[in-house]
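Spelled out, the chains give:
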Amino acid sequence: MTRAVVMVLDSFGVGAADDAEKFNDEGADTFGHIAELCAAGAAEEGRSGPLHVPNLVRLGLAEVSHGATGRYPDGIEPDANCLGRHGWAQELSSGKDTPSGHWEMAGVPVLFDWGYFVEKQDSFPQDLLQRMVSNMELPGYLGNCHASGTEIIKELGAEHCVSGKPIVYTSADSVFQIACHEETFGLERLYRLCECVRELLEPYNIGRVIARPFAGNAEQGFFRTANRRDYAVPPPAPTVLDKLKDAGGQVISIGKIADIFAQQGITEAHKADGLEALVAKTIEVLGSAPQRSLIFTNLVDFDTLYGHRRDVAGYARALETFDALLPKILAALDEDDVLILTADHGCDPTWHGTEHTREFVPVLIYGKNLPAVNLGKRETFADIGQSIAELLELDAMDYGTSMLPHKF
Ligand SMILES: O=P(O)(O)O[C@H]1O[C@H](CO)[C@@H](O)[C@H]1O
Ligand SMILES: [Mn+2]
Ligand SMILES: [Mn+2]
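Since we're looking at a predicted model, the values are computed, not measured.

Rules used throughout
By convention here, each chain's residues receive numbers from 1 onward along its written sequence. Whichever chain is written first becomes A and whichever ligand is written first becomes 1, with later ones labelled in order. Only residues with pLDDT of at least 70 get local features here, since the model is predicted, and only at 80 or more are side-chain atom pairs given and counted; chain-wide, interface and lining totals rely on the full set of residues. UniProt positions are given in the numbering used here, feature names are shortened, and annotations may be inferred rather than shown by experiment. A run of H or I in DSSP counts as a helix once it spans at least four residues, and a run of E counts as a strand once it spans at least two, with each numbered from the N terminus. Between the buried cut of 20 or more and the exposed cut of 12 or fewer other C-beta atoms within 10 Å of a residue's own C-beta lies the partly exposed class, and all C-beta atoms are placed from the backbone. C-beta atoms are placed from the backbone for every residue, and two residues are taken to be in contact when these atoms lie within 7 Å. Whether a residue is near a molecule or strand depends on its C-beta atom, placed from the backbone, lying within 6 Å of it. Throughout this entry, Asp, Glu, Lys and Arg are counted as charged residues, while Ala, Val, Leu, Ile, Met, Phe, Trp, Tyr, Cys and Pro are counted as nonpolar. The remaining residues, Gly among them, count as polar. Note: domain ranges come from an automatic or database domain assignment.

Q: Hey, could you go over the UniProt feature "binding site: Mn(2+) 2" (unreviewed entry) in the protein chain for me, with residue numbers and the actual values?
A: Per the UniProt record, the feature "binding site: Mn(2+) 2" (unreviewed entry) sits at Asp303, His308 and His356. These annotated residues cover 54 residues of sequence, but their C-alpha atoms sit close together, with the largest distance between any two at 8.5 Å. Among the structural elements, Asp303 can be located in helix 11 (residues 301-307). Residue classification places Asp303 among the buried residues on the basis of 25 C-beta atoms within 10 Å.

Q: If you had to explain the UniProt feature "binding site: Mn(2+) 1" (unreviewed entry) in the protein chain to someone new, which residues and values would you point to?
A: Mapped onto this numbering, the UniProt entry gives "binding site: Mn(2+) 1" (unreviewed entry) at Asp10, Asp344 and His345. The named residues occupy 336 residues along the chain; their greatest pairwise C-alpha distance, 7.2 Å, places them in one compact cluster. We classify Asp10 as buried; it has 24 C-beta atoms within 10 Å. In this view, Asp10 contacts Asn298, Leu299, Val300, Phe302, Asp303, Ala343 and Asp344; residues no more than four positions away in its chain are not counted.

Q: So what's going on with the site of ligand 1? Which residues, and what values?
A: The immediate surroundings of ligand 1 are formed by Thr98, Ser148, Gly149, Ser171, Asp173, Val175, Gln177, Ile210, Arg212, Thr304 and His308. Elements supplying a minimum of two residues to the shell around ligand 1: strand 5 (175-181) and strand 6 (208-217). Among the residues forming the shell around ligand 1, the class breakdown is 2 nonpolar, 7 polar and 2 charged. Counting contributing residues, the shell around ligand 1 receives three or more from each of domain 1 (4-112 + 236-391) and domain 2 (126-231).

So, in C-alpha cells, the structure goes:
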C-alpha cells in the first residue's frame, strides 16, 4: 500500500528562520532551547536530565538542528547513521500562524497579509462588537484585548459566569477568540456565537475565530476543555487535500486538521483529546486506511499546553512521550507508506511573551524503502505537499519541490 502520513508537532521549530528579524524572533529556537535547559538541569518537573528523544534523532532531528542553527543541541548525541530523509524548511507565507503553516505544507502558501487586531486594549472595532451583541442578544462582552487564554479566564471567568457576557480576546495571530463557560453560557451557544462572528468578520480578512470553552468555578478555578473549535476561512487555492479527494483518494483528518482547512478536501475526520490519544488514533487509522490515503494528524498539545504557556519542562515531557510512541507509529506503516514529521511554526517556550516564533520547521521523512539522505534547507513547507502529490500520483502542485527520490 502507498499512503502518506503527515504528523504535525504543532509549534516544534528548530531555530530562527532567515526572516526571523521581521518578527522580532531572531535567536528563537524551540528545540535547541528546550534541549539546553534540559541539559542544564533546569527542566526537571515530571522528568529529568538531558532531553531524551533517541527515536527522533534516529530519523535525523539532531542533523536538522545542526543544519538550521550551526550547532547540535545541548545533551543530544547526533546519529550519523540516521534512518530518515531529513531537512529543515523555511516558511514562504507572510504569517507564523497555524493555518498559514498547514496550508503551505499542503502546497498553498499564504502570500497575502492577514488582517490583525493590533491594539493591545480595545482591540476589536466597536461596530463589530455591537453587531455581535445585538445579533446574538448578549448582555455585552468582556475582555476586548490581547491576552493569554488561560490567564484571561482566571481574570474574567467569574464575572463571565455572573454576567453572561462572553470573553473576547486576540493575540499577535489573525484570530478572534471567544471564551465562554460550557454550562453557564452553553457550549452550543458558544459555537453559534463563533459562527455569527465568523460571518461578521468577512470584511476584516481574519484567519480564524476560535471557540474556547471552559469549565470549573471561581472557588476551585477555571480550566479549558477539549471542546475547542476553530472556524478558519478556507484556503485560497486547492490544496493537495482537495486534489487527492477529487482524484478519489481518502483524506483522513486526526485532531484539528479538518477545522484548519475549513473542512475542505477532507473525507473523514477523527477527534481525540491529548497527545497520546491522537497518536493512538493515528495508529488505529493506519490499521484500516486504504491505498492512496493521506492521514493528516495535528498534535496540538506542544503548542497550546506548553509553547504558549512557556512551559519548558512540559514541552520536554511531551517530546519524550511522543518519542517513546514513535516506534509504534513506524511499526504500523505498510511497506510503501511514507511518514512525514514536521511542524507549522515555532513557539519557543523560553521566548519573551506568549506568541509563536518564526522558525525553520523540521522535515523528517521515513519509509521502509526510502533511502536516508540529508535534504538540506528547503525553501518552502510546500515541498511536503509536492512530495505527497508525487507519492500519491496527483498532478504537480504550483509550489514546492518533491523530497522523494526521483521516480520513487
Ligand atoms: O492563549 P491562547 O488562548 O492559547 O491562544 C493561542 O492560541 C491561538 C491559536 O493558536 C493563538 O492566537 C495563541 O494566542
Ligand atoms: Mn500551530
Ligand atoms: Mn498556537
